[in-house]
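Residue-level structural notes
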Amino acid sequence: GGEKISVNNSNLLLRGCVIRNTDYVEGIVLYAGHETKAMLNNNGPRYKRSKLERRMNTDVIYCVVLLLVMCLIGSVGNGIWASNMSNIEQAELFIPNEENGEALNPALSGFYMFWTMVILLQVLIPISLYVSMEIVKWGQVHMINSDIDLYHKETDTPIRCRALNITEDLGQIQYVFSDKTGTLTENKMIFRRCTIGGVDYPHAANGESPITFLLPNAGPVSCGLTKRPASHHRRNISSVSAREVLATVAQSEEDSTAMDPTEIETDVTPDPVLYEKLISTPYSTFACNEASAAVPSLEKARIWDFFINLAICNTVVISNDSDDSVTASTTPDPYSEIASEISTASSSSLLPQVLKKLPSTCPPFILLITLFPFQQISTPGAETYKPLFPNGNHAIPVNGNTNNSANIGAHFNEDGTGSEYETEYETKVFVPRFKIRYEAESPDEAALVYAAHAYGCVLAHRSSHGGKESVTITLPDGGGKLEFEVLHKLPFDSTRKRMSVIVRDPRNGQITLYCKGADSAILSALRLKTPGNDLSTQSNNSTDIINRTKQYLDKYGRVGLRTLCISKRVLTEAEYSEWEQLHRAAERDLENRDQMMINSFVRMEDNLELLGATGIEDRLQDGVPETIEALRQAGIQVWVVTGDKRETATNIGRSCRLIHQNDEVIELITETPTSILSFNVSFSLPNSTSYPTIDDKDLPALVMVIDGRTLDFPDTLVKEIADKFVLLARRCRSVLCCRATPLQKGMVLKLIKDKLHVMTLAIGDGANDVSMIQVADIGVGLSGQEGMQAVMSSDYALAQFRFLKKLLLVHGHWNYARLASMVLYFFYKNAAFVFLIFWFQILCGFSGGNMIEQSYLLIFNLIFTSVPPLVNGVLDKDIDAATLLKKPELYMQGIKDELYLQRTFWINMLDALYQSLIIFFFLYVVIYLWFSVGTCYITDDAWVFFVLNIYLDTEVGLIEWGTVVTTAAVFVILIHLGIETKTWTWIHWVCQIGSVLVFFAYSLIYNIVCATCLPPSNPYFVMERVIQTGQFWFSILLVTAVALFPR
C-alpha cells in the first residue's frame, strides 16, 4: 500500500560504477547471475569471416569437385582394367581376384576404388591451410601490435588488435565511416563564445595564445602555449593565473614555456562586457517571474538565468583535491611569508626575483594585480580605450569567481590616471586551500560548468537527504549561495536531443525548468512572443531575439563551434502537479515505459523561453587532414556521420579536407518526404570495381551533405529513395551526415554495405558509435574520453585517428598481399603433389598404388613445405612502408582484389598441373629413353615394380624412383615459393635451406632406422644410395629448371 518507486538508471548502481562522496548505500541486488544484462546480451562470440576467407571457401569447394572428378576417373579406369584383365598382361599385378579365385566384379572393383582414391588424393583439400592461416594471422597481429608508430606516447596507449581473423580485410576497405566528436577531434571542449538575448559576447581574450602583460619595472612577460616575440602587439588583460606567472619565470630562465594541455578546457577568460552586466545587479534582486521584474532588468535577468542554467542543468559530479569541506581554511599558511614578500615587492623591480623563490611544490597562487579603470579592450572589430567598470571596483575572474579562494581576478581603482603601462600596482595574493574538480558524463557538460565557474556561478555542492536532492551554487562578487531543490532531472537522449532539470527557486519557491540541447530541439519547442524595439527590453521569445540567435548559431557553426541552445520555463504549481502525476504513471508502466517517459519529457519541455546559445570549440586531432587526404587518394570513400549541426559539421569537413575547395557540394536537407522523393540522379556510374580517386580528372568531385531528418522518414519512403540515395552516394567522393542519431549511424552503414556489397570500416570513440562499429566489416574504437564502450565493441583499438593511415595503407596492404599469396601457394603445392600420385595411376591400372613412400605422404605438408609459407605470410613485404605512405594509390590493389581472383586461383592450379606433368613424365620418359625398361615381379614381403634401369647393370625399384620424384617435388615447390618472395631476410634463407636439409636428414635417418615401419614399403638405404650418383642430381636440377621455366 506504500508509494511505488520505479527502478531506472537514476537509482541503479551498474556494475563498474565508482561511488564518490557517499557515506553508505542501502539497497538490494537486482539482475544478478544469468539475469544480468551482459548474460542476456551474450549470444556467443561474434565471429567475422574475412572477404579473402569467404572466397577461399569457394575455392575449397572447387577442390572438392576436382577431387571427386579425379576419384571418378580412377573408379572408371579401375573398372575398365578389371573388365579387361584377360587382355592386359599386367592387370593381375594390380587388381587381385576374389578369395575363391574368380575375377572381381568390375563395377564392385570400381566402387571400392572410388573410395580408395578419395583416401589417397584427399591431400588436395587444404585442411592444413586453415590452421596455417590462423598461425599467420597471429603473427600479423603481433607485428601490428609491435609497431611503435601506432603507439600514443602522451596517453601511453598502444594499438590493440582484438580480432585475430580479419587482418587481411584491412587491405580491402572501400568505405570508411567515422564519427566526428572525439574521433576526428580531441573531444576536449573549450568554451569560446556565447549569445544571450540576441547579443553576441565573443570572449576575445578566451583561448588566445600567447598573452603579453607587464610587471612593474620589468619587461613584457608572455603567458601562453607558444612563444611570441616581445615586439608583438601587447595588451593588458584582466587577470593572470599563478600557473602562467610561474611558467613565465621558468621561460625567462630556460627560454621555454610549458603549460598543461589538460587545463586548457578549464581556462575561461570572461568577456568584460558580459561580466559587468552579470555583477552589476545582484541575483537576489530578481524574481523568477518576469512579470514582477522591472522592464530594464529583463536583459540582466536573462543573463543570470543563462549562467544558472549552465551551472545546474547537468549531471556533473563535484570533487576536490582535499578531503576537507569546501570552506576557507584557518590553518597557518606556510607560504604567507612569500606572499608578504610578493606584496611588498609588487611596486618595485624585485617582483620577478621574489617569484623565483617560490618552491616547485607551491600550490597555485592567485595574483590580483590592481590596474587602472581605463584598459585597452581587444575585440575583433575595434581597439578602443574605455572604462571597464566605471561604477565600481570589480574583478574579472579567470578559472573562478572573485569571492572565494579559487578566484583569479584583478581589482580596478577608480582614481587611477596613468598610462597603459603604469608601474604602480597594488598586489594581493591568496593561497587556495582546495581545487574543485568536475567530473562530467561528456566534455561538453564540463566545459559549460567551467564557463559558469569562471563567471562566479560556481557549482559548489550536491546533496541528497530524505529522498530530496539539492544543488548549491555560489554567486559572484560576494553574492552568497543559493540552494536549489531538484525536483526532477530529465536526462539527455538521442531522440529528444536535450536535457532538463526542474528546480524550486530558494528565494520565492517558484518552480523553474532549465533546459539545454541542440538548436533543432530547442527552437522548435519555443513559445513565440511579439517583437519589440530594444533587445534589452524584449521578452525571451521575441521574433527578433530568436532570429538573431539563429544568425549567431549559424555563425558559430561556420567557424566550427559546437552549439547548444539554453532555455527555461517557469511553471505554476498546478502545471507541475498535473505533469508529475502523469510522469509517475509513466514511470510505473511496465509495458511501454520508455515511450511514455519520452512523451512525458516532451510534454514538459514545451513552451520554452530562449535564453541564449553557446559555442564550444573541439579541436581537430593531429594528422587528421593528412589521414583523410591519404584515404581519399587511396580510393577509399570517407563518410563522416555526426550528431552536430550542419554548419559545424561542414566547417570541420573543410578543415579536415573531407571537403575540398573545388568540390561540388550537394546538400540533401529537407523536412518533408515529398521533396526528397522528387530528386533524380542522371549521371553514369563507374564500373562496379572502379572507385573514383582524387586524381580522377574525368569525374567531377562531388560531396554530399545530408541531415538525420532527411534519413528519418518512414520505412516505406526510405525504400523508395534508398536506391537513389545509394546511387548518388556511390558517385560522391565523400559524404557528410549531420544531426544523425546513433541508430541512424548503423542504419546508413548497413544500407551502403548491403546495396553495394563493399568492404566497410567504422571508427568511433563513444557508446553512440557502437551500432556503427558492430555493423561494419571492421570496427575500430578510439580509447578517448567517452568511456570504453567503442573499444569493447571493436576489432581494433587505436588512440588517435591518424594511426588509421598506417594501419590501412601499410599493414592492411601487407597483410592482404601476404595472405593472398600464401592461400594461392597452398592450393598450388597441394595440387602439384596430388597430381603426381594421380599420374601414377595410369601406370598401375588405377589400383590405388603409390610410388611415394607412405611417411613422405604423411609429413610432406606438415614438415617439408610448411614453415617457409608461414614465414612469408608474416614477414614478406612487396613494397616498403615509406613508399606505401607516399603513394596511397597503391592501396587500390586490395580494393580491386587484384591478387586473389578466380582467374589467379585457376592459373595456380594450371601451374600445379604443368609442374606435376614435368616432374612425373619428364623423369619417366627421359630416363625411359635413356635406359632400358625393367621387369615386374611380386615377392613374399612386398610387391616391387621395377620401372626403370637408371644405372647400367642396376635395377631401379619403385620406391627408389618415387624418392627421386619426391625430391624433385620438394625442390620445385620450395623454389617456386622463393620466386614468389618479394623481400628476403635471414629468416627466409634459414627456413628455405632448413626445409631442404630437414627433408634429406629425415630421409637418410628414416631409411635406416625405420625401413619396415610402414609395410609393405621398404625404403631401406634408398636415399643413401641415390644421392651418391650424379644421375640423381642431374635429373633433379634439370626437372626443377624445366618445371619453373614459366616462372
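Residues numbered from 1 in each chain as written. Predicted model: local features only at pLDDT ≥ 70, side-chain atom pairs only at ≥ 80, totals over all residues. Heavy atoms only, no water.

Thoughts on the pattern of salt bridges
In a structure, side chains of opposite charge can pair up when their charged atoms sit close to one another. A full pass over the atoms with the stated rule returns 33 salt bridges. R496 is the partner of D493 in a salt bridge, and the nearest nitrogen-oxygen pair spans 2.6 Å. Given the relative accessible area of 18%, D493 is considered buried. Taken together, the shared-partner salt bridges in this structure form one network comprising K180, D444, R562 and D644. (Salt bridge = Lys/Arg side-chain N within 4 Å of Asp/Glu carboxyl O. Buried < 20%, exposed > 50% of the residue type's maximum accessible area, 1.4 Å probe, protein only.)

Some words on the packing of helix 2 (residues 51-83) against helix 5 (residues 127-145)
In contact at an axis separation of 13 Å, helix 2 and helix 5 are set at 165° when each is read in the N-to-C sense. With respect to their mutual orientation, helix 2 and helix 5 come out roughly antiparallel. Two packed elements cross with a definite hand, and for helix 2 against helix 5 that hand is right-handed. For the pair helix 2 and helix 5, the contacting residues are L52, E53, M56, N57 and V60 in the first and L129, Y130, M133 and K137 in the second. Broken down by class, the residue content of the contact of helix 2 with helix 5 amounts to 6 nonpolar, 1 polar and 2 charged. (Axes fitted to C-alpha atoms, helices over the stretch in contact; angles between N-to-C directions. Helix = DSSP H or I, 4+ residues; strand = E, 2+ residues; numbered from the N terminus. Parallel < 35°, antiparallel > 145°, perpendicular 65-115°, else oblique. Left-handed = near helix turned anticlockwise from the far one by under 90°. Contact = heavy atoms within 4.5 Å. Nonpolar A, V, L, I, M, F, W, Y, C, P; charged D, E, K, R; others polar.)

Observations concerning the packing of helix 23 (residues 803-843) against helix 29 (residues 958-980)
Here helix 23 crosses helix 29 at 160°, and the two axes come no closer than 11 Å. Judged by the inter-axis angle, helix 23 sits roughly antiparallel to helix 29. Every pair of crossing elements has a handedness; the one defined by helix 23 and helix 29 is right-handed. Across the interface between the two elements, Y825, Y828, K829, L836 and F840 of helix 23 pack against L958, W961, V965, A969, V972, I973, L974, H976 and L977 of helix 29.

Quick look at the UniProt feature "transmembrane region" (unreviewed entry) in the protein chain
With numbering matched to this structure, UniProt assigns "transmembrane region" (unreviewed entry) to residues 60-81, 112-133, 823-843, 855-875, 912-931, 958-979, 986-1006 and 1026-1045. Taken end to end, residues 112-133 has its terminal C-alpha atoms 35 Å apart, with 77% of it in helix and 0% in strand. The distance from the first to the last C-alpha atom of residues 958-979 is 32 Å, and the span holds 100% helix and 0% strand. (UniProt positions renumbered as here; feature names shortened; annotations may be inferred.)

With respect to the sheet that holds strand 15 (residues 468-474)
If you trace the 9 strands from one edge of the open sheet to the other, you get 4-3-20-19-18-17-16-15-14, paired in antiparallel fashion. Because the sheet does not close on itself, it has two edges, and the strands there are strand 4 (199-201) and strand 14 (458-465). Shown here is a sheet whose adjacent strand axes are inclined to one another by a mean of 30°, direction ignored. Judged from the 8 bridges that link them, strand 3 (residues 185-196) and strand 20 (residues 609-620) form a sheet pairing that is antiparallel. Each residue of the ladder has a partner; that of T195, found in strand 20, is A613. Across the sheet, helix 8 (residues 298-312) touches strand 3, strand 4, strand 14, strand 15, strand 16 (481-490), strand 17 (498-504), strand 18 (511-517), strand 19 (561-571) and strand 20, and the angle it forms with strand 20 is around 50°. (Pairing = 2+ DSSP bridges.)

Brief notes about a negative patch on the surface
Taken together, the side chains of E154, E186, D622 and E626 present a region of like negative charge at the surface. Relative to the helices and strands, D622 resides in the loop between strand 20 and helix 16 (624-633). Taking relative accessible area as the criterion, D622 reaches 54% and is therefore assigned exposed. (Patch = residues over 30% accessible without salt bridge, like charges linked within 9 Å, V, L, I, M, F, W, Y side chains within 5 Å. Areas by Shrake-Rupley, 256 points an atom, 1.4 Å probe, with all protein chains shown as cover. Lys, Arg positive; Asp, Glu negative; His and termini not counted. Charge placed at Lys NZ, Arg CZ, Asp CG, Glu CD.)

Some details on the nonpolar core
Counting 79 residues, the largest nonpolar core has L121, F827, M851 and Y900 as the members making the most contacts within it. The biggest single contributor to this core is helix 23, with 20 residues. Each residue touching F827, except ones within four places of it in the same chain, is listed here: M56, D59, V60, C63, P126, L129, Y900, F905 and M909. Counting residues in each nonpolar core, the second largest holds 50 residues, with V268, L310, A311 and F484 among its members. (Core = buried A, V, L, I, M, F, W, Y, C linked by side-chain atoms within 4.5 Å.)

Remarks on the UniProt feature "active site" (unreviewed entry) in the protein chain
When the UniProt feature table is mapped onto this chain, "active site" (unreviewed entry) is found at D179. Here D179 is to be found in the loop between strand 2 (175-178) and strand 3. Not counting residues within four places of it along the chain, the set of residues in contact with D179 comprises L184, V641, T642, K745, I763, G764, D765, D769 and M772.

Let's talk about the pairing of strand 20
Among the 12 residues of strand 20, 9 are classified as buried, and the element is accordingly described as predominantly covered. Summarising the sheet, strand 19 and strand 20 pair through 8 bridges and their orientation is antiparallel. Bridged to I566 within strand 20 is G612.

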